[in-house]
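Architecture at a glance
What follows is each chain in one-letter form.
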Amino acid sequence: MSFVINSAVPEALTPELLFIKGSVSLWNYSIPFFTTNVPLNFAEKYFKLFEELPQADTGEWTLEELFQRDISWERVDNEILAYLNSPTRPQFFNSLTVALMPSHTQSLGGDFGPPIDIPPLVDAGLGKSIGLGGVQIQFYGSDVDVPSGAGKLRWATDRVDAVAVDGQHRLAAIKRFVKEAKRERWEGAAVPIIFLIADERIGFRTPLAENDPSRTVSALRNVFIDLNKNARPVSPSRTILLDDLSIVSVSTRTLIGRSLGDTADEDRVPLSLVDWMTDRNKIDDGPFLTTVTLLHEAVRQLLAVPDLQLDEDDNSVKNVEVWLDAILPITDAAAREEILSQVRTCARLQTRLSWMPEQIKILQQSFEATWRPQLRGLLRNYKPYSDIWDYAEKHKLLGPQFVNLYVAQEAMPAKSGQERKKRLVEAAMQQTDGWTLAKRYEAPLAEIEEQKANNWAFKVVFQRALFRAFVNVIRNPKSYSPKLEGRGDAAGLFIACMNRLNRAKLDLVDAALKKEAFWAGSGLSADSTIEFTNAGAERIRAWLEIAFIIHVHGTAAPTFDGIEAWAAGVPAKTLSYLMDARRPAYKGMVKLAVARGLDGESDKPERYLKVRYEHLRSILREA
């Protein structure tokens, strides 16, 4: 039998590849794979990076479909391409994992469909052709699919995309190397490949329902994250975007728009307002209101999922049940029992709490009904955020074009960024008469950054504090005031309180208090520099909760000297607690006094505390 790759085929079909098939079949999944090797120029020509797929720059890809998109071109150029070009080092690549997927212009994954008419491969011993849409597979010695064995495959390039789901940086370097190096440098070199084909006809199995449109993408995404976890640490934001078995990550994603073109979803924050593509966690420039990692922190605090080593002999099952009813209530009896059954199974096996895909969906639905409206409402209705949101809507900045231009210019390395920017500009000029980079990108970006200037809302330390205070309030409204009706009432009053601080210009970084900055000793150090620390976030969080209590109680809010005697029940205790000498607000004033050399004056921290409290009270206590 011949093992030579035959290149004399119609242009629409790839050359045939000899493979050995295997399968990983454990528990609820079965993932078939096909092992082979290909010349470097085959990989360059027939394998694709995500950004090379149709309309990758302008298409309205869903968030789940963006999981494999971004490439660190700096790593490609400075590390991998340099490695391939080194004359003094032996070069070797481990295998690339490539998923064969049906081609679509606006989505990823799905069914291959019925086989197309491809002439069978002619080779002694090959059985009949097995067709999966545009993929053709033939086994040696068999007319049907077998769990393992050798054979040949090829695919129609206009119907199937071969996308790297592991090794995309290596593939990007190979493509550059083949295009830029002399032929004799790469001719004869090959790279090992593992093909994944998610189709039931060749043994693919998943616990997700057959009518679930995300079943193939979900499986491939989980394969991708597991491969990268073991090979190289996955970035925090990418982990959040990929992980389908963490209720915190899944809930975080339900806050965010499904695609860059999905701008009118009243349940989600538009994807173009959330930085999901970088890990810099910085929002004081650019078009973003928040980041995936900041939202994830907020959701993690809100849900406070029990991280327990479950055991049937202790109260851990009951503790999870109490948590579930308080944080993620499930009204459907059958669904609730399915969740509790999984908890009992984990306890019986004495493992940590974990969920199956269908159970994650049940918990996700509870999060969407219970908490998502409040979290989205904060970003939609707090004025600094709503101003940017409204401006972006008015000037049509929420689609793919604007944010992709920003990423190309500001977040990508110079060479690859300029290439992508050029493509985007050319496409925009062809699609829209009179479109110019200055008018439709540079001017709006400058306006957004002007709106952000000097505003605490766009400093990560403040947003972290804002989310923490907000979560504390909506998780336990009655502890702040017995008259609060529930989480929706508390959320609305919290946002109204923040907007009153905004009108009073107290959410500016340099907000004035007599002769000094209001935020000195909390978010600002004595020399007026921002403290980007967890301690700084905790001090700001405490002051936001103090402001909320004053706002809720209005004219009934006590003077500073009357806090201890305030006969309003639990809220008085909360206010006393927040301003106790052992708590962040007071400690910040101590730090300020020390920095100013006034730590010898024992009453100074309390005086600092009092003047700030009374300033808040003068602004917020009016009905």
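Below is a short write-up of the structure. All values reported here derive from a predicted model rather than from experimental measurement.

**So, the overall build of the protein chain**
Helix and strand counts for the protein chain stand at 22 helices and 13 strands. Counting across all 623 residues of the protein chain, residues that qualify as buried make up 54%. Of the contacts formed within the protein chain by residues at least 6 apart in sequence, a portion of 68% connects residues at least 24 apart.

**Here we look at the sheet that holds strand β6 (residues 135-139)**
Within the open sheet, the 9 strands sit side by side as β3-β8-β4-β9-β2-β1-β7-β6-β5. Their pairing is mixed. The sheet is open, and its two edges are formed by β3 (47-48) and β5 (130-132), each paired on a single side.

**Some words on helix α21 (residues 584-595)**
The end-to-end C-alpha distance of α21 is 16 Å, a good match for the 16 Å that 12 residues give at a rise of 1.5 Å each. Pro584, Ala585, Tyr586, Gly588, Met589, Leu592 and Ala593 are the residues of α21 that are buried. Elements that come into contact with the buried residues of α21 comprise α19 (534-553), α20 (570-578) and α22 (604-620). Glycine 597 sits one or two positions beyond α21 and adopts a positive phi of about 70 degrees.

**Notes on the side chain of glutamate 531**
Residue position: glutamate 531 is located in the loop between β13 (516-517) and α19. Within the structure, glutamate 531 has its side chain in polar contact with the side chain of lysine 591 (distance 2.9 Å). Ignoring sequence-local partners within four residues, the contact set of glutamate 531 consists of Val461, Gly523, Leu524, Ser525, Gly536, Arg539 and Lys591.

**What to know about the nonpolar core**
Soluble globular proteins: nonpolar side chains tend toward being buried together. Residues Phe47, Ile137, Trp155, Leu328, Trp519, Ile546 and Leu616 are the most contacted members of the largest nonpolar core, which totals 174 residues. The contact partners of isoleucine 546, leaving out residues within four places of it in the chain, are Leu575, Leu578, Met579, Ala585, Tyr613 and Leu616. Judged by nonpolar contacts, the second largest core, of 7 residues, contains Ala99, Met101, Val165 and Leu196.

**Some points on the packing of aromatic side chains**
Going through the model one piece at a time under the given rule, you end up with 22 aromatic pairs. Both rings, one in phenylalanine 47 and one in phenylalanine 195, keep their centres 5.9 Å apart while their planes meet at 85 degrees; by these two values the pair is edge-to-face. Here phenylalanine 195 lies in strand β9 (residues 190-197) and phenylalanine 47 lies in strand β3, a separation of 148 residues in the sequence. On the basis of relative accessibility, which here comes to 1%, the residue phenylalanine 47 falls in the buried class. With centroids separated by 5.4 Å and ring planes inclined at 50 degrees, the aromatic side chains of phenylalanine 402 and tyrosine 441 adopt a geometry described as tilted. A residue pair is termed long-range when its members are at least 10 positions apart, and phenylalanine 402 in helix α14 (residues 400-411) and tyrosine 441 in helix α16 (residues 437-452) qualify at 39 residues. Tyrosine 441 carries the same exposure label as phenylalanine 402, and that label is buried. The rings of Phe42, Tyr46, Phe47, Trp155 and Phe195 are connected pair by pair, giving a single aromatic cluster.

**Brief notes about unusual backbone geometry**
The backbone of asparagine 281 shows a phi angle near 50 degrees, a positive value even though the residue is not glycine. On the secondary structure map, asparagine 281 appears in the loop between β10 (274-275) and β11 (290-291). One non-glycine residue, lysine 505, lies in the positive phi region at around 60 degrees. Looking at the secondary structure, you find lysine 505 in the loop between α18 (487-503) and β12 (512-513). Given the relative accessible area of 54%, lysine 505 is considered exposed.

**Re the pattern of salt bridges**
Taken as a whole and judged by the stated rule, the model has 37 salt bridges. Taking the shortest distance from any N to any O, the salt bridge between aspartate 285 and lysine 282 comes out at 3.3 Å. Looking at aspartate 285, the relative accessible area reads 21%, which means it is partly exposed. Overall, the relative accessible area of 34% leaves lysine 282 in the partly exposed class. In this structure, a network of salt bridges that share partners links the residues Arg280, Lys282, Asp284, Asp285 and Lys459.

**What to know about the pairing of strand β8 (residues 160-166)**
By the criterion of burial, β8 is predominantly enclosed, with 7 of the 7 residues buried. Judged from the 2 bridges that link them, β3 and β8 form a sheet pairing that is parallel. Of the residues in β8, the one forming a bridge with lysine 48 is valine 163. Pairing of strand β4 (residues 96-102) with β8 involves 6 bridges; the strand directions are antiparallel. Bridge pairing in β8 places methionine 101 opposite aspartate 161.

**Looking at the packing of α19 against α20**
Interhelical geometry of α19 versus α20 gives an angle of 150 degrees and a closest axis separation of 10 Å. When the axis of α19 is compared with that of α20, the two are roughly antiparallel. Crossing geometry of α19 relative to α20 is assigned as left-handed. Listed contacts from α20 to Arg541, Ala542, Glu545, Ile546, Ile549 and His553 of α19 are Pro571, Thr574, Leu575 and Leu578. Here the residues of the contact of α19 with α20 sort into 6 nonpolar, 2 polar and 2 charged.

**As for the environment of serine 525**
Turning to its location among the elements, serine 525 is positioned in the loop between β13 and α19. Serine 525 gets classed as buried once you look at its relative accessible area, which sits at 16%. Along the chain, serine 525 and glycine 588 lie 63 residues apart, while their C-alpha atoms are 9.1 Å from each other. Among the polar contacts made by the side chain of serine 525, one reaches the side chain of aspartate 527 at a distance of 2.4 Å. Reaching out from serine 525, the side chain makes a polar contact with the side chain of threonine 529 at a distance of 2.6 Å.

**Details of α18**
With 17 residues, α18 extends 24 Å from end C-alpha to end C-alpha; this agrees with the ideal 24 Å at 1.5 Å per step. If you check which residues of α18 are buried, you get Ala490, Ala491, Phe494, Ile495, Cys497, Met498, Asn499, Arg500, Leu501 and Asn502. In this structure, the buried residues of α18 make contact with α12 (372-381), α13 (383-394), α17 (460-475), α19 and α22. At the exit of α18 stands lysine 505, carrying a positive phi of roughly 60 degrees.

The rules behind these values
- Residues numbered from 1 in each chain as written.
- Predicted model: local features only at pLDDT ≥ 70, side-chain atom pairs only at ≥ 80, totals over all residues.
- Heavy atoms only, no water.
- Helix = DSSP H or I, 4+ residues; strand = E, 2+ residues; numbered from the N terminus.
- Buried < 20%, exposed > 50% of the residue type's maximum accessible area, 1.4 Å probe, protein only.
- Contact = heavy atoms within 4.5 Å.
- Pairing = 2+ DSSP bridges.
- Expected span 1.5 Å × (residues − 1).
- Polar contact = N/O pair within 3.5 Å; in protein donor to acceptor, adjacent residues only side chain to side chain.
- Core = buried A, V, L, I, M, F, W, Y, C linked by side-chain atoms within 4.5 Å.
- Phe/Tyr/Trp six-rings, centres within 6.5 Å; stacked < 30°, edge-to-face > 60°.
- Salt bridge = Lys/Arg side-chain N within 4 Å of Asp/Glu carboxyl O.
- Axes fitted to C-alpha atoms, helices over the stretch in contact; angles between N-to-C directions.
- Parallel < 35°, antiparallel > 145°, perpendicular 65-115°, else oblique.
- Left-handed = near helix turned anticlockwise from the far one by under 90°.
- Nonpolar A, V, L, I, M, F, W, Y, C, P; charged D, E, K, R; others polar.

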